[in-house]
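Descriptive analysis of the structure
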Amino acid sequence: MAWHAEVSFRVALDEPHETPEQQYWAGLLVPVAATWLIQAATKIYDLCQDSNGVRGYSLRRWAFWKRRFLEIAAHEDLMISTRNMASRAASGMDTVDGEIQQCQMQP
């Protein structure tokens, strides 16, 4: 699972989506990457936080993916379905971030 998810994040999020060709590919790739976060955000966060360092996962990458999903959700040149999936992924990440903060605040 870890390898497939990381590859989908890399191909969907690491490149800009400015040209028509990039926007076409975003329409295909972003929903796949978003689905990983919608379905398994907590598990992916755990991989990012793991001190053993699973290749491609870190809290820095988590923050990058979240930022990219938010950028894609606001990108008016992308299909609305792509933007909605990106928004759902970012929302799932926000939920996990909020749960982590609540756990850290408890004595």
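Note that the coordinates shown come from a computational prediction; the quantities given were computed from them, not determined experimentally.

**A few points about the pattern of salt bridges**
Scanning all chains against the criterion turns up six salt bridges. Residues aspartate 97 and lysine 66 are paired through a salt bridge, measuring 2.7 Å at the closest nitrogen-oxygen approach. Taken together, the residues span a long stretch of sequence, with aspartate 97 in helix α4 (residues 80-105) and lysine 66 in helix α3 (residues 59-73) at a distance of 31 residues. Accessibility expressed as a relative area gives 19% for aspartate 97, which makes it buried. Notably, a salt bridge pairs glutamate 71 with arginine 68, separated by 2.8 Å at the nearest N-O pair. Of this pair, glutamate 71 and arginine 68 both sit in helix α3, separated by three residues, roughly a single helical turn. The exposure class assigned to arginine 68 is buried, which follows from its relative accessible area of 10%. Three or more residues are tied together by salt bridges with common partners; here these are Lys66, Asp94 and Asp97.

**Points about the packing of aromatic side chains**
Under the definition given, this model contains four aromatic pairs. Ring centres 4.4 Å apart and planes at 45 degrees place the aromatic pair phenylalanine 9 and tryptophan 65 in the tilted group. Taken as a pair, phenylalanine 9 in helix α1 (residues 2-13) and tryptophan 65 in helix α3 lie far apart in primary sequence, 56 residues in all.

**Some words on the environment of asparagine 84**
Within the secondary structure layout, asparagine 84 lies in helix α4. With 73 residues separating them along the chain, asparagine 84 and valine 11 place their C-alpha atoms 19 Å apart.

**Regarding the nonpolar core**
Nonpolar side chains tend to gather and get buried jointly when the protein is soluble and globular. Of all hydrophobic cores here, the largest spans 29 residues; its most connected members are Phe9, Leu37, Ile44, Trp62, Trp65 and Phe69. Elements that contribute at least two residues to this core include exactly α1, α2 (20-49), α3 and α4. Here this core takes 11 residues from α2, the largest share from any one element. When near neighbours in sequence (up to four residues on either side) are disregarded, phenylalanine 69 contacts Leu13, Val30, Ala33, Ala34, Leu37, Ala86, Ala89, Ala90 and Met93.

Rules of the game
Residues numbered from 1 in each chain as written. Predicted model: local features only at pLDDT ≥ 70, side-chain atom pairs only at ≥ 80, totals over all residues. Heavy atoms only, no water. Salt bridge = Lys/Arg side-chain N within 4 Å of Asp/Glu carboxyl O. Helix = DSSP H or I, 4+ residues; strand = E, 2+ residues; numbered from the N terminus. Buried < 20%, exposed > 50% of the residue type's maximum accessible area, 1.4 Å probe, protein only. Phe/Tyr/Trp six-rings, centres within 6.5 Å; stacked < 30°, edge-to-face > 60°. Core = buried A, V, L, I, M, F, W, Y, C linked by side-chain atoms within 4.5 Å. Contact = heavy atoms within 4.5 Å.

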